[in-house]
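What follows is each chain in one-letter form.
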Amino acid sequence: MHRRPAHAVRAYARPRRDDWADEIIWGVMELVSGTLTCSGHPVATAPDRLGPLVDRSDLLADPAALLEAFRRDGYVYLPGRVDPDLVLAARRELLLKYAVVGEIDDRHPVLDGVAGSRSGLTGANLRALTESLRTGACYERVILDPGLVDTVGVLLDGPVRPYDFRWPRLARPGEGCGFHCDGPYMSRGTDRHLSVWIPLGSIAPHEGGLMLLEGSHRNEELAGGYLQMDADRDGLVWLDEDPVVVQERYGERWLTAAYEPGDVLVFSMRMLHGAFDNRSEEGRCRLSTDSRYLVDGETPDPRWNGDDIQPHGPGRVFYPGLGSWDNADFQDEWKYVDDEGRLRLDG
């Protein structure tokens, strides 16, 4: 059994919110409900349709209880699990790189992440840029944070390591992320792995916050069909654009939070999730990262490991957004580039 000393589960957490604070937050959410959309479709915000992620920080000192909560709920939400200073350093590192190609307007403070004109994007070498984004020293320190890795080890009941590939994500104003589970995209190796999403800055729900569908990890229709598929072999696209349709078919409430630097959301490969559209009034881009971890010694999905990672074929780079194709041929996230790494949107 995987055991850890008590000091290994310390978190850089904000004080746990009282119930009254959550009531205020969700009261405000009702007032701004008109701004919550997914792919342009409105999100139902009644209390039986939209709710807060449950803060499990109080279980960090009790690994068995934390693991039980994860297995029951399909996720654990840990505000302040990573040192916010590490996260903000990674944010600055990534945004400066995006600013080089005009994705970020550096006439504003870079940390604000205000969207730019993308004036340098079409002539840039996106192979080099995306590798630089994934391998920066500050970003790496977040992915390999000892406390984070320790927590994932508790949830997978063994020593763990991240997959070689990492998924830094910039969501420009107007962009979101379609509904899916990670399992079919990570299905060619062990099933002893999970997903970790980290906001690299403050993200309110209407700025593109991640949303999980409560109870979807237990949905029998997903388990018997979609979760048996292989995204490449079966040509998967997003499950649906409409959050109400997805909710009524596959789960209970949509769960989300007003995320802050240092927060960590860990969830099962079977958990259905997506993101609200980024409707930032200030024109801010949402910056976050996905990473996947597996038990050390288990066989990884080879699409995401190794020195030359080309999960969906050669001539492509991970660069989400810039259009919406229902993720057909993975184009919402993976872009074709020419021999010099320059963007092609013609496939």
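Look up a bit, the structure's there.
Rules and cut-offs
Residues numbered from 1 in each chain as written. Predicted model: local features only at pLDDT ≥ 70, side-chain atom pairs only at ≥ 80, totals over all residues. Heavy atoms only, no water. Salt bridge = Lys/Arg side-chain N within 4 Å of Asp/Glu carboxyl O. Helix = DSSP H or I, 4+ residues; strand = E, 2+ residues; numbered from the N terminus. Buried < 20%, exposed > 50% of the residue type's maximum accessible area, 1.4 Å probe, protein only. Expected span 1.5 Å × (residues − 1). Contact = heavy atoms within 4.5 Å. Polar contact = N/O pair within 3.5 Å; in protein donor to acceptor, adjacent residues only side chain to side chain. 1 Å grid on protein atoms, 1.4 Å probe; cavity = no way out; pocket = protein on both sides within 12 Å on 5 of 7 lines; lining within 4 Å. Points joined across faces, edges and corners; volume = space filled by probe spheres on them. Nonpolar A, V, L, I, M, F, W, Y, C, P; charged D, E, K, R; others polar. Pairing = 2+ DSSP bridges. Axes fitted to C-alpha atoms, helices over the stretch in contact; angles between N-to-C directions. Disulfide = S-S within 2.5 Å. Parallel < 35°, antiparallel > 145°, perpendicular 65-115°, else oblique. Left-handed = near helix turned anticlockwise from the far one by under 90°.

Enquirer: Before we go on, may I ask you to explain the pattern of salt bridges in this structure?
Expert: Opposite charge on two side chains lets them pair, provided their charged atoms get close. The tally for this structure, following the rule as stated, stands at 25 salt bridges. The partner of Arg-56 in a salt bridge is Asp-73, with the nearest N and O atoms 3.0 Å apart. Highlighted residues: Arg-56 in the loop between β3 (50–52) and α2 (63–73) and Asp-73 in helix α2, separated in sequence by 17 residues. Among the residues examined, Asp-73 registers a relative accessible area of 18% and is labelled buried. Where Arg-253 meets Glu-214, a salt bridge forms, and the shortest distance between an N and an O atom there is 2.9 Å. Pair noted here: Arg-253 is in the loop between α9 (243–250) and β10 (254–256) and Glu-214 is in the loop between β9 (210–213) and α7 (220–224), with a separation of 39 residues, a long-range link. It is possible to trace a salt-bridge network through shared partners that takes in Arg-169, Asp-182, Asp-290, Arg-292 and Glu-333.

Enquirer: What am I meant to see in helix α3 (residues 84–100) here?
Expert: An α-helical turn contains 3.6 residues, so a residue and the one three or four places further along point in the same direction. Taking 1.5 Å per residue, 17 residues should reach 24 Å; α3 reaches 25 Å between its end C-alpha atoms and fits that length. At its buried positions, α3 is contacted by α4 (126–135), α5 (137–143), β6 (167–171), β8 (193–199) and β13 (286–295). The residue sitting at the N-terminus of α3 and contributing the capping side-chain oxygen is Asp-83; that oxygen lies 3.0 Å from the backbone nitrogen of Asp-85. Positive phi shows up at Gly-102, right after α3, with a value of about 85°.

Enquirer: Quick question: what am I supposed to make of empty space enclosed by the protein here?
Expert: Think of a ball as big as a water molecule: rolled over the atoms, this probe shows where empty space is left. This model, assessed by the stated rule, comprises five cavities of 30 Å³ or more. Computed from the structure, the largest cavity encloses a volume of approximately 170 Å³. Lining the largest cavity are 15 residues, and of these Trp-167, Arg-169, Tyr-185, Arg-292 and Glu-333 lie nearest its centre. Here the lining of the largest cavity is built from residues that sort into eight nonpolar, three polar and four charged.

Enquirer: For this particular structure, what's the right way to read the environment of Asp-263?
Expert: With respect to the helices, strands and loops of the structure, Asp-263 is situated in the loop between β10 and β11 (264–267). Sequence spacing of Asp-263 and Pro-79 is 184 residues, and the spatial spacing of their C-alpha atoms is 4.0 Å. A polar contact is formed between the side chain of Asp-263 and the backbone nitrogen of Gly-80, at a distance of 3.0 Å.

Enquirer: Mind showing me how you'd approach the sheet that holds β9 here?
Expert: Sheets are built from strands that pair by backbone hydrogen bonding, the pairs being arranged parallel or antiparallel. In space, the five strands of this open sheet follow the order β3-β10-β9-β12-β7, with mixed pairing throughout. The sheet is open, and its two edges are formed by β3 and β7 (177–180), each paired on a single side. Along the sheet, successive strands turn relative to each other by an average axial angle of 30°, direction set aside. Judged from the three bridges that link them, β9 and strand β12 (residues 273–275) form a sheet pairing that is antiparallel. Following the sheet pairing, Leu-210 is matched in β12 by Ala-275.

Enquirer: Sorry, what's going on with the state of the cysteines here?
Expert: Cysteine pairs can be linked by a disulfide, which is a covalent bond between their two sulfur atoms. Tallied over the entire structure, the rule returns zero disulfides. With no disulfide of its own, Cys-177 lies closest to Cys-38 among cysteine sulfurs, the gap being 9.8 Å.

Enquirer: Even after reading the chapter, I still don't get the packing of α3 against α4, so can you show me in this structure?
Expert: When two helices pack together, you describe them by how their axes are tilted relative to each other and by the distance separating the axes. Remark: α3 packs on α4, axes separated minimally by 9 Å, with the N-to-C direction vectors making an angle of 170°. Of the possible angle classes, the one that applies to α3 and α4 is roughly antiparallel. Of α4, the residues touching α3 (which contributes Leu-94, Lys-97 and Tyr-98) are Leu-129, Ser-132 and Leu-133. Residues of the contact of α3 with α4, tallied by class, amount to four nonpolar, one polar and one charged.

Enquirer: Is there a simple way to think about the side chain of Arg-172 in this case?
Expert: In this structure, Arg-172 sits in the loop between β6 and β7. Residue class for Arg-172 comes out buried when judged on its relative accessible area of 4%. One polar contact links the side chain of Arg-172 to the main-chain carbonyl oxygen of Pro-320, over a distance of 3.0 Å.

Enquirer: Looking at this structure, how should I read the packing of α2 against helix α6 (residues 146–156)?
Expert: Where α2 meets α6, the closest approach of the two axes is 8 Å, and the angle between their N-to-C directions is 70°. By the angle between their axes, α2 is roughly perpendicular relative to α6. Judged by the twist between their axes, the crossing of α2 over α6 is right-handed. Every residue of α6 that contacts α2 at Pro-63, Leu-66, Leu-67 and Phe-70 is listed here: Thr-151, Val-154 and Leu-155. A per-class count over the contact of α2 with α6 returns six nonpolar, one polar and no charged.

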